[in-house]
Amino acid sequence: MRNKGRYKEGITTTPVITFDAGQTLVELDLDFLGRRLAERGLEVAPDALSAAAPAAWRRYDELVAAGTGHPWRALMTTLLQGAGVREVDPTVEWLWSEQPRVNLWRKPITEMVDLARELARTGACVAVLSNSEGRLAELLQEISIADPFTVIVDSGRLGIEKPDRRIFDHMLAALGIAGADPIHIGDSWAADIVGARDAGWRSIWYGRGVTPTNDPRIASAPDPAAVRAALVAFGVLQR
Ligand SMILES: [Mg+2]
């Protein structure tokens, strides 16, 4: 299965590149979070959330690495505590309950969106493959970054989540393309990279804390420039 879909000599196929959403195309919007807290009458000092963010992400990374707990709640709890917010626990529960309707991950990672647009301009098929809450297409429209994406597959709509290979198969069916040796880009080893590998896709593991792998079909990219370099190495972008 490993070579399924590889380019065959002399046959050109449209490259397929899919992007995860959270922490790949969009990140937690701290200014927006501050406005949501203000709606609840919770004042936060300017820059207090940004100052608290590094420790909150460390906590998140620890739980993700350990595969325990609820990383989203832990991230938010550490963030709000660090920013001196009152009534942390009920506020975190409120934010979590609101997340499907008002997604806090809405700050575009502009260099990654630019890469998606560059790929789309080359004629590649570019799409989003996300474990989300069912309203991702609307969110990407709202924040004006939906334009490069032919298809947006949202696990909350489909009822199948990464790393289940059926969501990767569904993407190819939705794009109407087979045999293109697709590439998935995402920040989660367990969801994005393991899922892509098991579906027979290549992948680019993106974000802080990624480590090199021995698998030539998995590139590790700590920043958007490294993602671009990996796309060049995979032969879907020119240097
Ligand atoms: Mg992600």
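Residues numbered from 1 in each chain as written. Predicted model: local features only at pLDDT ≥ 70, side-chain atom pairs only at ≥ 80, totals over all residues. Heavy atoms only, no water.

Locating Gln23 in the fold gives a position in the loop between strand E1 (16-19) and strand E2 (26-28). Overall, the relative accessible area of 13% leaves Gln23 in the buried class. In terms of polar contacts, Gln23 uses its side chain to reach the side chain of Trp105, at 2.6 Å. Each residue touching Gln23, except ones within four places of it in the same chain, is listed here: Leu28, Trp57, Trp105, Ile109, Asp187, Tyr206 and Arg208. (Helix = DSSP H or I, 4+ residues; strand = E, 2+ residues; numbered from the N terminus. Buried < 20%, exposed > 50% of the residue type's maximum accessible area, 1.4 Å probe, protein only. Polar contact = N/O pair within 3.5 Å; in protein donor to acceptor, adjacent residues only side chain to side chain. Contact = heavy atoms within 4.5 Å.)

For the protein, the domain assignment lists domain 1 (16-26 + 106-233) and domain 2 (30-103). Measuring from the centre of the C-alpha atoms in domain 1 to the corresponding centre in domain 2 gives 25 Å. Taken together, the contact between domain 1 and domain 2 spans 7 residues of the former and 9 residues of the latter. Between domain 1 and domain 2, roughly 740 Å² of surface is buried when both sides are summed, and carbon and sulfur atoms account for 45% of that area. Interface area lost by domain 1 to domain 2 is led by Arg106, Glu133 and Arg208, which between them contribute 67%. Counting across the domain 1 and domain 2 interface gives 1 salt bridge. A salt bridge links Asp61 to Arg208, with the nearest nitrogen and oxygen atoms 2.9 Å apart. Linking domain 1 with domain 2 are 3 residue pairs in polar contact (both at pLDDT 80 or more). Residues that form the side of domain 1 that touches domain 2 fall into these classes: 1 nonpolar, 2 polar and 4 charged. (Domains from an automatic or database assignment. Buried area = accessible area lost by both parts, 1.4 Å probe. Salt bridge = Lys/Arg side-chain N within 4 Å of Asp/Glu carboxyl O. Nonpolar A, V, L, I, M, F, W, Y, C, P; charged D, E, K, R; others polar.)

Around the magnesium ion, the protein contributes the donor atoms Asp20 (OD), Gly22 (O) and Asp187 (OD), which lie 2.1 to 2.2 Å from the metal centre. In primary sequence terms, the donor set of the magnesium ion follows D-x1-G-x164-D. Of this pair, Gly22 sits in the loop between E1 and E2 while Asp187 is found in the loop between strand E6 (183-186) and helix H9 (189-198), placing the two residues 165 residues apart along the sequence. By relative accessible area, which is 24% here, Asp187 ends up partly exposed. (Donors = N, O, S within 2.8 Å, 3.2 Å for Na, K, Ca; no water.)

This paragraph deals with the packing of aromatic side chains. Aromatic ring pairs: the centre-centre distance and the angle between the two ring planes describe each pair. Taken as a whole, this structure holds 7 aromatic pairs when the rule is applied. Aromatic pair Trp57 and Trp105: ring centres 6.5 Å apart, planes at 85 degrees, arrangement edge-to-face. In this pair, Trp57 sits in helix H2 (residues 48-66) while Trp105 sits in strand E3 (residues 105-108), placing the two residues 48 residues apart along the sequence. As far as the burial class goes, Trp57 and Trp105 line up, both buried. Taking 6.1 Å as the distance between ring centres and 40 degrees as the angle between the ring planes, the aromatic pair formed by Trp72 and Trp105 counts as tilted. One end of the pair, Trp72, is in helix H3 (residues 71-82); the other, Trp105, is in strand E3, with 33 residues separating them in the sequence. A residue is classified by how much of its surface remains accessible, and Trp105, at 9% relative accessible area, is buried. (Phe/Tyr/Trp six-rings, centres within 6.5 Å; stacked < 30°, edge-to-face > 60°.)

Let us look at the pattern of salt bridges. A complete count under the given rule lists 18 salt bridges for this structure. We note a salt bridge from Arg59 to Glu62, for which the minimum N-O separation is 3.1 Å. Here Glu62 and Arg59 lie together in helix H2, a separation of 3 residues that amounts to about one turn. Note on Arg59: relative accessible area 35%, which makes it partly exposed. One salt bridge connects Arg166 with Asp164, and the closest N-O pair in it is separated by 2.7 Å. Under the relative-accessibility criterion, Arg166 is labelled partly exposed at 49%. Here the salt bridges share partners, and the residues they tie into one network are Arg36, Glu39, Glu98 and Arg101.

The next subject is the packing of helix H1 (residues 30-39) against H2. Across the interface, H1 lies against H2 with an axial gap of 10 Å and an inter-helix angle of 115 degrees. The chirality of how H1 crosses H2 is right-handed. In this structure, H1 uses Leu30, Leu33, Gly34 and Leu37 to contact H2, whose residues at the interface are Leu49, Ser50 and Ala53. Looking at the contact of H1 with H2 residue by residue, the class counts come to 5 nonpolar, 2 polar and no charged. (Axes fitted to C-alpha atoms, helices over the stretch in contact; angles between N-to-C directions. Left-handed = near helix turned anticlockwise from the far one by under 90°.)

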